[in-house]
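For reference, the chains in residue letters:
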Amino acid sequence: MSSQPLSPSNFKDLFDSVEAFLFDCDGVIWKGDELIQGVPKTLQMLRSKGKKLVFVTNNSWKSRSQYAQKFQSLGISVSQDEIFSSSFAAAMYLKAKDFPSQNKVYVIGGEGILEELQLAGITAFGGPHSLVQEDANKTIDLKQNCFVEHDKSVGAVVVGIDPNINYYKLQYGTLCIRENPGCLFIATNRDAVGHMTALQEWPGAGCMVAAICGSTQKEPVVVGKPSTFMMEFLLKKFNVSCSKMCMVGDRLDTDILFGQNAGCKTLLVLSGVTTQSALQDPSNNIQPDYYTNTISDMVDLSKLISGSLLHHFVVRWFAPSIKLKRYGCSPLRSRTIL
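What comes next concerns the included structure. Treat the numbers as computed from the prediction; the structure is a model and nothing was measured.

With that settled, the discussion passes to the packing of helix α4 (residues 86-96) against helix α5 (residues 111-119). The geometry of α4 relative to α5 is characterised by a closest axis approach of 8 Å and an angle of 35° between their N-to-C directions. Here the hand of the crossing between α4 and α5 comes out right-handed. Contacts between α4 and α5 involve S87, F88, A91 and L94 on the former and, on the latter, G112, I113, E116 and L117. Of the residues contributing to the contact of α4 with α5, the split by class is five nonpolar, two polar and one charged.

Attention now moves to the packing of helix α6 (residues 167-179) against helix α7 (residues 205-216). Remark: α6 packs on α7, axes separated minimally by 10 Å, with the N-to-C direction vectors making an angle of 50°. The orientation of α6 with respect to α7, classified from their angle, is oblique. Judged by the twist between their axes, the crossing of α6 over α7 is right-handed. Between α6, through L170, T174, I177 and R178, and α7, the contact on the second element is made entirely by A211, I212, S215 and T216. Partitioning the contact of α6 with α7 into residue classes produces four nonpolar, three polar and one charged.

Reading across from one edge, β1-β16-β15-β14-β2-β5-β6 is the order of the seven strands in this open sheet, with parallel pairing throughout. Sheet topology places β1 (4-5) and β6 (83-85) at the edges, where each strand pairs with a single neighbour. Sheet strands touched by helix α3 (residues 64-73): β5 (52-57) and β6. Its angle to β6, the strand with the most contacts, is close to 125°. Of the strands in this sheet, β2 (20-23), β5, β14 (245-249) and β15 (265-269) touch helix α9 (residues 252-262), which is tilted by about 160° from β15.

Turning to the packing of aromatic side chains, a few remarks are in order. Counted according to the given criterion, the structure contains 16 aromatic pairs. Here F15 and F21 contribute two aromatic rings whose centre-to-centre distance is 6.4 Å and whose plane-to-plane angle is 35°, an arrangement assigned as tilted. Classification of F15 as buried rests on a relative accessible area of 12%. Here the aromatic residues F11, F15, F21, F23, W30, F55, Y67 and F71 are joined through ring pairs into a cluster of three or more. K51 extends its terminal NZ or CZ atom over the ring of F15, reaching a point 4.4 Å from the ring centre. The ring centre of F233 lies 5.9 Å from the NZ or CZ of K236, which sits over that ring.

Here we come to α9. Where α9 is concerned, the buried positions are L252, T254, D255, I256, F258, G259 and A262. Positive phi appears at G263, one or two residues downstream of α9, with a value of about 85°.

For the rest of this paragraph, the subject is empty space enclosed by the protein. On inspection of all chains with the given rule, the structure shows one cavity of 30 Å³ or more. Size it by volume and the largest cavity reaches roughly 170 Å³. In this structure, the largest cavity is lined by 20 residues; those nearest its centre are D26, N59, D191, V193 and G194. Tallied by class, the residues present in the lining of the largest cavity amount to five nonpolar, eight polar and seven charged.

What counts, and where the lines are drawn
Residues numbered from 1 in each chain as written. Predicted model: local features only at pLDDT ≥ 70, side-chain atom pairs only at ≥ 80, totals over all residues. Heavy atoms only, no water. Axes fitted to C-alpha atoms, helices over the stretch in contact; angles between N-to-C directions. Helix = DSSP H or I, 4+ residues; strand = E, 2+ residues; numbered from the N terminus. Left-handed = near helix turned anticlockwise from the far one by under 90°. Contact = heavy atoms within 4.5 Å. Nonpolar A, V, L, I, M, F, W, Y, C, P; charged D, E, K, R; others polar. Parallel < 35°, antiparallel > 145°, perpendicular 65-115°, else oblique. Pairing = 2+ DSSP bridges. Phe/Tyr/Trp six-rings, centres within 6.5 Å; stacked < 30°, edge-to-face > 60°. Buried < 20%, exposed > 50% of the residue type's maximum accessible area, 1.4 Å probe, protein only. Lys NZ or Arg CZ within 6 Å of the ring centre and 35° of its normal. 1 Å grid on protein atoms, 1.4 Å probe; cavity = no way out; pocket = protein on both sides within 12 Å on 5 of 7 lines; lining within 4 Å. Points joined across faces, edges and corners; volume = space filled by probe spheres on them.

So, in structure tokens, the structure goes:
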């Protein structure tokens, strides 16, 4: 079934049937550090109508608290409890697996992963920097006697977006996964690209994950979208059934598939990665329920709906009175509205 462009009629049906809107961030709320036009008004309108808002991002570079600070810096009030990042999902996955307290986690990724793991009571190192070792600045000199020592207590390697990835990190992560018995390989997500800046797309975590897949010959456990792992926490936190949720995103293979896998309604916005031509390409088999240009279209559609209801009220209530007076008759004192 093909997607429907969002319109006043189907938006009303969608709006009335949804209690919680789940928003991706990159390409939906912002691009880099720039807000997409109309976002504050859209979120304010949805809150004023009693809708719950949740922000579900695959970008693992920041923690939930860091994302809350970013929202604040852009003039939007979002609480940490409304944010579900793939960095948080990685920590929650290990908690759910009863990760042994004596084991450590090696991180190829950002500070967000390290912070979420620490909050979960899990010892982690690596990332962009570490008190133990400055992995981001390490280089490899492949001489005959070159040898990398690795920590045998590492029980998991978590890989996310890492602008500081290098050959040393790849070797360290590979050694842990291949040589430490039972070592888990966890990917925050496998996004090919992302809007790391406002001007263009950049390589996403998928290429870092693919590098470790290639060197270990193993596939990771993916905790971000489209995996429904995060949905378990959303359901517990907000007590809303999936059928009353709408996932709003700019990527077909992560955001929209995540919503479909969980049984949510789905809305694709064309403000990020996916173009309308890509959506309508015959080879694309991921079709959202609806699509529109940006989330700010929801404000315009809401106004149109309100305007049509007002027009309906005027026609049903005042027009008969005007017509009756024209013929010297008294109007009825009351009429059924709508």
